[in-house]
Amino acid sequence: MQLILVDTGDLKRASKALRGHGDGKRLRKELVAELKAAAAPSVPRVKAAWMAAPSQGHGSGTRGRRDQPNIRKLLADSTWVQARLTGKEAGVRVRSDGRKLPDGMKALGGYAEGIRRRPWRHPAY
């Protein structure tokens, strides 16, 4: 069977129709797997974009950064495909998830994307 989805409304309606089917749970699981497989080729491109992001650092050396993790690598490693069939966020997206980042760096993706507006500052002691 071939299913053509134009927008998230179509996805929600198809998901609801599958719910009423006798074997709906298995079919919904297969649909999610197919949606993720369709978006999977985008993940390496997003990871490569994170790794190629320009540095906006100030200073010339690595003084103070020796023990710190590579921020670009952390963001690339936190990238994955999400598929949801219901709710406001129904659809397929490639996400860089802050929950997969170390403590104290959860908002890093928002800063890198420009979503968080307040400055990212070093704590003053």
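Residues numbered from 1 in each chain as written. Predicted model: local features only at pLDDT ≥ 70, side-chain atom pairs only at ≥ 80, totals over all residues. Heavy atoms only, no water.

1. Comments concerning the overall build of the protein
Note the threshold: The secondary structure listing takes helices from DSSP runs of H or I that are at least 4 residues long and strands from runs of E that are at least 2 residues long, numbered from the N terminus. Burial classes: relative accessible area under 20% of the type maximum marks a residue as buried, over 50% as exposed, and values in between as partly exposed (1.4 Å probe, protein chains only). In what follows, residue pairs with any heavy atoms lying within 4.5 Å of each other are defined as contacts.
Regarding its fold elements, the protein presents 5 helices and 2 strands. Written out in order from the N terminus, the α and β elements of the protein read α-α-α-α-β-β-α. With 125 residues in all, the protein has 24% of them scored as buried. In the protein, once contacts between residues fewer than 6 apart in sequence are set aside, the share between residues at least 24 apart is 49%.

2. A short note on helix H1 (residues 8-20)
Keep this limit in mind: What a helix should span is 1.5 Å times the count of its residues minus one. Comment: arc refers to directions from the helix axis out to C-beta atoms.
If you check H1, its first and last C-alpha atoms are 19 Å apart, about what 13 residues at 1.5 Å a residue would give, namely 18 Å. Of the positions making up H1, those classed as buried are Asp10, Leu11, Ala14, Ser15 and Leu18. For H1, the angular spread of buried residues about the axis comes to 135°, placing them on one side. The exposed residues of H1 that point more than 90 degrees off its buried face are Arg13, Lys16, Ala17 and Gly20. In this structure, the buried residues of H1 make contact with helix H2 (24-39), strand E1 (79-84) and strand E2 (91-96).

3. Here we look at the pattern of salt bridges
Put simply, the rule reads: A carboxyl oxygen of Asp or Glu within 4 Å of a side-chain nitrogen of Lys or Arg is what we treat as a salt bridge.
According to the stated counting rule, one finds 5 salt bridges in the structure shown. Ionic pairing is found between Arg99 and Asp97, a salt bridge with its closest N-O pair at 2.8 Å. In this structure Arg99 comes out as exposed when scored by relative accessible area, which is 61%. Given a relative accessible area of 5%, Asp97 falls into the buried group. For Asp103, the salt bridge goes to Lys106, with nearest N and O atoms at 3.7 Å. For Asp103, a relative accessible area of 71% corresponds to the exposed category. Through salt bridges that share partners, Arg95, Asp97 and Arg99 make up one connected network.

4. Some thoughts on the pairing of E2
Which entries qualify depends on this criterion: A pair of strands counts as paired when DSSP detects no fewer than two bridges linking them.
Of the strand pairs in this sheet, E1 and E2 are connected by 6 bridges, and their pairing is antiparallel. Looking at the pairing, Trp80 lines up with Arg95 of E2.

5. Examining the side chain of Asp97
Just so we agree on the cut-off: For this analysis, a polar contact is any N or O atom pair within 3.5 Å, provided that within protein one partner can donate a hydrogen and the other can accept it, and provided that sequence-adjacent residues contribute only side-chain to side-chain pairs.
Looking at the element boundaries, Asp97 is found in the loop between E2 and helix H5 (108-113). Within the local environment of Asp97, its side chain forms a polar contact with the side chain of Arg99, the two groups lying 2.8 Å apart. If we skip the residues at most four places from it in the chain, Asp97 touches Ser78 and Trp80.

6. Notes on the environment of Ala76
Checked against the element boundaries, Ala76 lands in helix H4 (residues 71-77). Separated by 26 residues in sequence, Ala76 and Trp50 place their C-alpha atoms 5.6 Å apart. Not counting residues within four places of it along the chain, the set of residues in contact with Ala76 comprises Lys47, Trp50 and Met51.

In short, the description is geometric, and any link to function would need to be established separately.
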